[in-house]
Amino acid sequence: MTLITNVTLRRVLDSRGNPTVEADVTTESGGFGRAAAPSGASTGEHEAIELPPSEAIANARDLAVPRLEGEVYAGDQRSVDAALHAADGTDNFSEIGANSAVAISMAAAKAGADVLGAPLYQHLGGTFRGDQFPTPLGNVVGGGEHAEEATNIQEFLSAPVGAPSVTEAIFANAEVHAEISEILEGRGVPVNKGDEGAWAPPIGDDEAFEVVAEATDRISDERGFEISFGLDMAAAEMYDAEEGVYEYEGEPDRTTQEQIDYVVEMVEEYDMAYVEDPLDENDFEAFAELTERVGDQTLICGDDLYVTNVERLQEGIDLGSSNSILIKPNQIGTLTDAVDAIELGSKNGIQSVVSHRSGETEDTTIAHLAVGAAAPYIKTGTVAGERTAKLNELIRIEENA
Ligand SMILES: C=C(OP(=O)(O)O)C(=O)O
Ligand SMILES: [Mg+2]
């Protein structure tokens, strides 16, 4: 019934106006799934390879589609994803492109769910899943690779850790976002937006800490539940490997030790709930030192460090590098690989944060993945249509749970 009979690939627009890969999967009994690949700007050097969409589509048509149509059942996600790996034949999807792979993988999952008449989160997670909702981490101020002339730190994230429901948390993040524009206006700071819809003001990191803390405190008081905040430092983008320093525009460079001390100081001063990629993507040891120092107070999350790869995650587990992992299906290329990383993490006390990319589409798969895999966090922006697509889907899922 769920035998895949057709896979169609096309180019569509992403939120930056760049082309990306969209896949349609149809099954023998008429099941249908459609999904599109997102795209990063601050990509990790160990990520699976995103090919130019036209090339990814042409190669996937030649190599992957014949191994799927009439061969594999959409309801059997592991077989779909194994066929994608076999068609590609490399360990980083450099033949068919991780963008084609992830679009097909997600579209097949949706087609499988469609045949069952079940919501995607239930198809992915099974019948006993669907009652645990992730806390949404909402990007409210940012710079780095996501906006020019803004903060060094890539993302300041509202973290409504005390919210009674995911719906309340989503609205609280939007209120924090709105509050920040008022605060910035009051300070005479012009308000532009970055790639993910976060404010991208021309201010230094120190001022951004103050502004975000003020906004989260105010909305927390109004709402009556705890709203903390966190960061994605995307530190690999700041790291100069030759000099061994982290470069901050308008401030002195920091050595690795100074970077660790700085993060410890900020975690303590602002009681931060979350710090992603505070150190270079190859420095498992420095991550471990930081986790040793503040891992009992905050989540230290590896994004570029792990690239959703179970082998890199295992190295981090062995060394104690972090207590959290970012999960981006397109970093690794399939839903199976993403779920395996979540499960390896949860067996080892590592909290998963299912994440969007800075270039996104209206696709809502990650909202279902977070619920289906019972991930404790999701990072998918605060405002902007391609972000609210996922957030509104979470609201709907919660309503139906
Ligand atoms: C979402 C992120 O940005 P990008 O998609 O540009 O890697 C991130 O670094 O977590
Ligand atoms: Mg990141």
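Bear in mind the structure is a predicted one, so any value in this text is a computation, not a measurement. (Residues numbered from 1 in each chain as written. Chains lettered and ligands numbered in written order. Predicted model: local features only at pLDDT ≥ 70, side-chain atom pairs only at ≥ 80, totals over all residues. Heavy atoms only, no water.)

Considering the overall build of the protein
Definition in use: Runs of E in the DSSP output that reach at least two residues are strands. Runs of H or I that reach at least four are helices, and both are numbered from the N terminus. Taken over C-alpha atoms, the radius of gyration is set against a globule rule of 2.2 Å times the number of residues to the power 0.38. The buried label applies to any residue whose accessible area, calculated with a 1.4 Å probe on protein chains only, is under 20% of its type's maximum; exposed applies above 50%, and partly exposed to all values in between. Throughout, a contact is declared for two residues whenever any of their heavy atoms are within 4.5 Å. Here the open area of atoms and residues is found with the Shrake-Rupley method and a 1.4 Å probe, where only the protein chains shown may cover a residue. We count Lys and Arg on the positive side and Asp and Glu on the negative side, and we leave His and both chain ends out. A charged residue contributes its charge at one atom only: NZ of Lys, CZ of Arg, CG of Asp or CD of Glu.
Helix and strand content of the protein: 14 helices and 14 strands. Against the 2.2 N^0.38 benchmark of 21 Å for 401 residues, the protein shows a C-alpha radius of gyration of 20 Å, consistent with a compact globule. Residue burial in the protein is summarised as follows: out of 401 residues, 60% are buried. In the protein, once contacts between residues fewer than 6 apart in sequence are set aside, the share between residues at least 24 apart is 70%. Accessible area of the protein: about 15100 Å², with a carbon and sulfur share of 43%. For the protein, the distance from the average position of its 23 positive side-chain charges to the average position of its 77 negative side-chain charges is 8 Å.

A closer look at the site of ligand 1
The cut-off we apply is this: Consider each residue's heavy atoms; a residue with any of them within 4 Å of a molecule or strand counts as near. Any N or O atom pair separated by 3.5 Å or less is treated as a polar contact, with the protein-specific requirement of one donor-capable and one acceptor-capable atom, and with residues adjacent in sequence counted only for side-chain atom pairs. Only Asp, Glu, Lys and Arg are considered charged in this grouping, and only Ala, Val, Leu, Ile, Met, Phe, Trp, Tyr, Cys and Pro are considered nonpolar; every other residue, Gly among them, is considered polar. Start and end points for every domain follow an automatic or database-based domain assignment.
Around ligand 1 sit 16 residues in total, of which Ala-41, His-146, Arg-357, Ser-358 and Lys-379 are the nearest. Ser-42 places a polar main-chain atom, nitrogen or oxygen, 2.9 Å from an oxygen atom of ligand 1. A distance of 3.0 Å is found between an oxygen atom of ligand 1 and a side-chain nitrogen or oxygen belonging to Glu-276. Its residues placed into classes, the shell around ligand 1 shows two nonpolar, six polar and eight charged. Residue assignment places the shell around ligand 1 across two domains, with domain 1 (4-117) and domain 2 (135-400) each supplying three or more.

Let's talk about the coordination of the magnesium ion (ligand 2)
Our working definition: Metal-coordinating donors are taken as N, O and S atoms lying within 2.8 Å of the metal, or within 3.2 Å when the metal is Na, K or Ca; because water is left out, some sites can appear incomplete.
All of the protein donors around the magnesium ion (ligand 2) are Asp-232 (OD), Glu-276 (OE) and Asp-303 (OD); their distances to the metal are 2.0 to 2.2 Å. Along the chain, the residues that donate to the magnesium ion (ligand 2) are spaced as D-x43-E-x26-D. Placement of Glu-276 in strand 10 (residues 274-276) and of Asp-303 in the loop between strand 11 (299-302) and helix 10 (310-319) is noted, with a sequence separation of 27 residues between them. On the basis of relative accessible area, Glu-276 is assigned to the buried category, the value being 0%.

Some remarks on the UniProt feature "binding site: (2R)-2-phosphoglycerate" (unreviewed entry) in the protein
Heads up, the condition is: UniProt positions are given in the numbering used here, feature names are shortened, and annotations may be inferred rather than shown by experiment.
In the numbering adopted here, UniProt assigns the feature "binding site: (2R)-2-phosphoglycerate" (unreviewed entry) to Gln-154, Lys-328, Arg-357, Ser-358 and Lys-379. With respect to the helices and strands, the residue Gln-154 is situated in the loop between strand 4 (135-142) and strand 5 (155-159). Inspection of the secondary structure assignment puts Ser-358 in the loop between strand 13 (351-355) and helix 13 (365-372). For Ser-358, a relative accessible area of 3% translates into the label buried. Once residues within four sequence positions are removed from consideration, Ser-358 is found in contact with Ser-15, Arg-16, Ser-39, Gly-40, Ala-41, His-146, Asp-195, Glu-196 and Arg-387. Here Arg-16 takes part through its side chain, which lies 2.9 Å from a polar atom of the side chain of Ser-358.

Let's talk about the sheet that holds strand 8 (residues 245-246)
To keep it simple, the criterion reads: Here, strands pair whenever DSSP counts at least two bridges between them.
Read from one edge to the other, the open sheet built from three strands follows the order 7-8-9, with strand pairing classed as antiparallel. In this open sheet, the two edge strands, each paired with only one partner strand, are strand 7 (239-240) and strand 9 (254-255). As paired elements, strand 7 and strand 8 share two bridges and run antiparallel to each other. Looking at strand 8, one finds that Asp-240 is bridged to Val-245.

Details of the packing of helix 1 (residues 53-63) against helix 4 (residues 98-116)
What counts, and what does not: Axes here refer to lines fitted to C-alpha atoms; in helices the fit is confined to the stretch in contact. Angles between the N-to-C directions go from 0 to 180 degrees. The hand of a helix crossing depends on one turn: near helix anticlockwise from the far one by less than a right angle means left-handed, and clockwise means right-handed.
Relative orientation of the contacting elements helix 1 and helix 4 amounts to 60°, with a least axis distance of 8 Å. Pair helix 1 / helix 4 crosses with right-handed handedness. Here Pro-53, Ala-56, Ile-57 and Ala-60 of helix 1 come into contact with helix 4, specifically with Asn-99, Ser-100 and Ile-104. In terms of residue class, the contact of helix 1 with helix 4 is made up of five nonpolar, two polar and no charged.

Comments concerning unusual backbone geometry
Within the chain, Val-307 stands out as a residue other than glycine whose phi angle is a positive 45°. Positionally, Val-307 belongs in the loop between strand 11 and helix 10. One non-glycine residue, Thr-308, lies in positive phi territory at about 60°. Following the sequence through the fold, Thr-308 ends up in the loop between strand 11 and helix 10.

What about the nonpolar core?
Most often, soluble globular proteins keep nonpolar side chains buried together rather than apart. To be explicit about the condition: The term nonpolar core refers to a set of buried residues drawn from Ala, Val, Leu, Ile, Met, Phe, Trp, Tyr and Cys, joined through side-chain atoms within 4.5 Å.
Core analysis: the biggest nonpolar cluster contains 108 residues, and Leu-9, Phe-156, Ile-180, Phe-209, Met-272 and Val-354 have the highest contact counts within it. If you tally residues by element for this core, the top one is helix 4, at 11 residues. Excluding residues within four positions of it along the chain, Met-272 makes contact with Phe-209, Ser-228, Phe-229, Gly-230, Leu-231, Met-266, Val-267, Gln-297 and Thr-298. By size, the runner-up hydrophobic cluster in this structure holds nine residues, among which are Leu-157, Ala-159, Leu-299 and Cys-301.

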